[in-house]
Amino acid sequence: MTTTYAALLRGINVGGARKLPMAALRALLEGLGHDGVRTYLQSGQAVFSSGHGDEDGLAREITRAIEKQFGFAVDVIVRDHAYLKAVAEACPFPAADLQAKQLHVTYFSVPVEPDRFAGIDRAAHLPEEFRLGDRALYLYAPDGLGRSKLAEQLSRPRVNKGLIATTRNWNTVVKLVEMTRGGTEGTA
């Protein structure tokens, strides 16, 4: 049985560093034996089908292949459609009422405990807010991620120590749910 997954690559094609063309990423995933490979945007989202069944194993396989072929390490998180859909449906903020630039999801490689964020003064950052979900953090940033002081705090190495963490805006969150459902939209 095959499952459709999204691979979320962290920190590629940003500011001219760690260039990984999406056509090359598609070819790499196909070379690993995955089917139905599609990409979305240039910032590191790929969708594929595999009978492998192990998200962490798939992430390690993709990470190794990228390093071997392109010469740099990339953190990768792989999640299936059911997980991506559940994360979108569990959003604690009114996504339908917000602009996509105001709502973000940070996907984590492992479950995180609330005490990891205990040092962040939530009241000092209002109206910005965050809430934890299943291996995910939802961030409401009314002025966008680029201006968010709370996002700065949440991305500090001491907060994310031992984790792979990668953030996507709400448009991308929704698009990945759609793409992993099995359609052919989204190839870039």
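In case you missed it, the structure is sitting above this.
One structure accompanies this document, and this report is about it. Within each chain, residue numbers correspond to sequence positions counted from 1 in written order. Residue-level local features of this predicted model are given only where pLDDT is at least 70; pairs of side-chain atoms are given and counted only at 80 or more, and the full residue set underlies all totals for whole chains, interfaces and linings. Excluding hydrogens and water, the side-chain figures rest on all heavy atoms present in the structure.

## Quick notes on the pattern of salt bridges
Thought 1: A pair is scored as a salt bridge if a Lys or Arg side-chain nitrogen falls within 4 Å of a carboxyl oxygen belonging to Asp or Glu. Counted according to the given criterion, the structure contains seven salt bridges.
Thought 2: Across the pair Glu55 and Arg79 runs a salt bridge, and its minimum N-O distance is 3.5 Å. In this pair, Glu55 sits in helix α2 (residues 55-70) while Arg79 sits in strand β4 (residues 76-80), placing the two residues 24 residues apart along the sequence. Summarising the burial analysis for this pair, Glu55 and Arg79 share the class buried.
Thought 3: Here Lys149 ties to Glu152 by a salt bridge, and the two come within 3.6 Å at their closest N and O atoms. Working definition: helices are DSSP H or I runs of at least four residues, strands are E runs of at least two. Numbering for both runs from the N terminus. Throughout, exposure labels follow a simple rule: accessible area from a 1.4 Å probe, protein chains only, divided by the maximum for the residue type, with under 20% read as buried, over 50% as exposed, and the rest as partly exposed.

## A closer look at the packing of helix α3 (residues 81-89) against helix α6 (residues 170-180)
Thought 1: Fitting a line to C-alpha atoms yields each axis, with helices limited to the stretch in contact; the angle taken between N-to-C directions then spans 0 to 180 degrees. Between α3 and α6, the shortest axis-to-axis distance is 9 Å and the interhelical angle comes to 145 degrees. α3 and α6 meet at a crossing whose hand is left-handed. Taking contact as the criterion, the partners of His81, Leu84, Lys85 and Ala88 in α3 are, on α6, Trp170, Val173, Leu176, Val177 and Thr180.
Thought 2: Charged residues are taken to be Asp, Glu, Lys and Arg, nonpolar residues to be Ala, Val, Leu, Ile, Met, Phe, Trp, Tyr, Cys and Pro, and polar residues to be all remaining types, Gly included. Here the contact of α3 with α6 is composed, by residue class, of six nonpolar, two polar and one charged. Crossings are classed by handedness, with left-handed meaning an anticlockwise turn of the near helix from the far one by less than a right angle and right-handed meaning a clockwise turn. It only takes one pair of heavy atoms within 4.5 Å for two residues to be counted as in contact.

## Focus on the packing of helix α1 (residues 22-31) against α2
Thought 1: It is at 11 Å that the axes of α1 and α2 come closest, and there the two elements cross at 120 degrees. Comparing their axes, α2 and α1 come out oblique. When you trace α1 past α2, the crossing you get is right-handed. Residue-level contacts link Ala24, Leu25, Leu28 and Leu29 of α1 to Ile62, Ala65, Ile66, Gln69 and Phe70 of α2.
Thought 2: Residue composition of the contact of α1 with α2, grouped by class: eight nonpolar, one polar and no charged. In these notes the angle categories are as follows: under 35 degrees is roughly parallel, over 145 is roughly antiparallel, 65 to 115 is roughly perpendicular, and the rest is oblique.

## Considering the packing of aromatic side chains
The description of an aromatic ring pair rests on the distance of the ring centres and on the angle between the ring planes.
Thought 1: Working definition: rings of Phe, Tyr and Trp (its six-membered ring) pair if their centres are within 6.5 Å, and the pair is stacked with planes under 30 degrees apart, edge-to-face with planes over 60 apart, and tilted otherwise. Scanning all chains against the criterion turns up six aromatic pairs.
Thought 2: Between Phe117 and Phe130 the ring centres are 5.5 Å apart and the planes differ by 55 degrees, which places this aromatic pair in the tilted class. Of this pair, Phe117 sits in the loop between β5 (103-108) and β6 (129-133) while Phe130 sits in strand β6, placing them 13 residues apart in sequence.
Thought 3: Of the residues examined, Phe130 reaches a relative accessible area of 2% and is grouped as buried.
Thought 4: One aromatic cluster is present, built from ring pairs that chain together Phe108, Phe117 and Phe130.
Thought 5: The aromatic ring of Tyr83 is capped on one face by Arg79, whose charged end is 5.4 Å from the ring centroid.
Thought 6: Charge-over-ring contacts are defined here by two conditions on Lys NZ or Arg CZ: a distance within 6 Å of the ring centre and an angle within 35 degrees of the ring normal. Note that Arg122 overlies the ring of Phe130, its terminal NZ or CZ placed 3.8 Å from the centroid.

## With respect to the environment of Arg18
Thought 1: Summarising the element assignment, Arg18 is placed in the loop between β1 (3-9) and α1.
Thought 2: Considered as a pair, Arg18 and Glu113 are 95 residues apart in the sequence and their alpha carbons are 31 Å apart.

That's the geometry; what it means functionally is another story.
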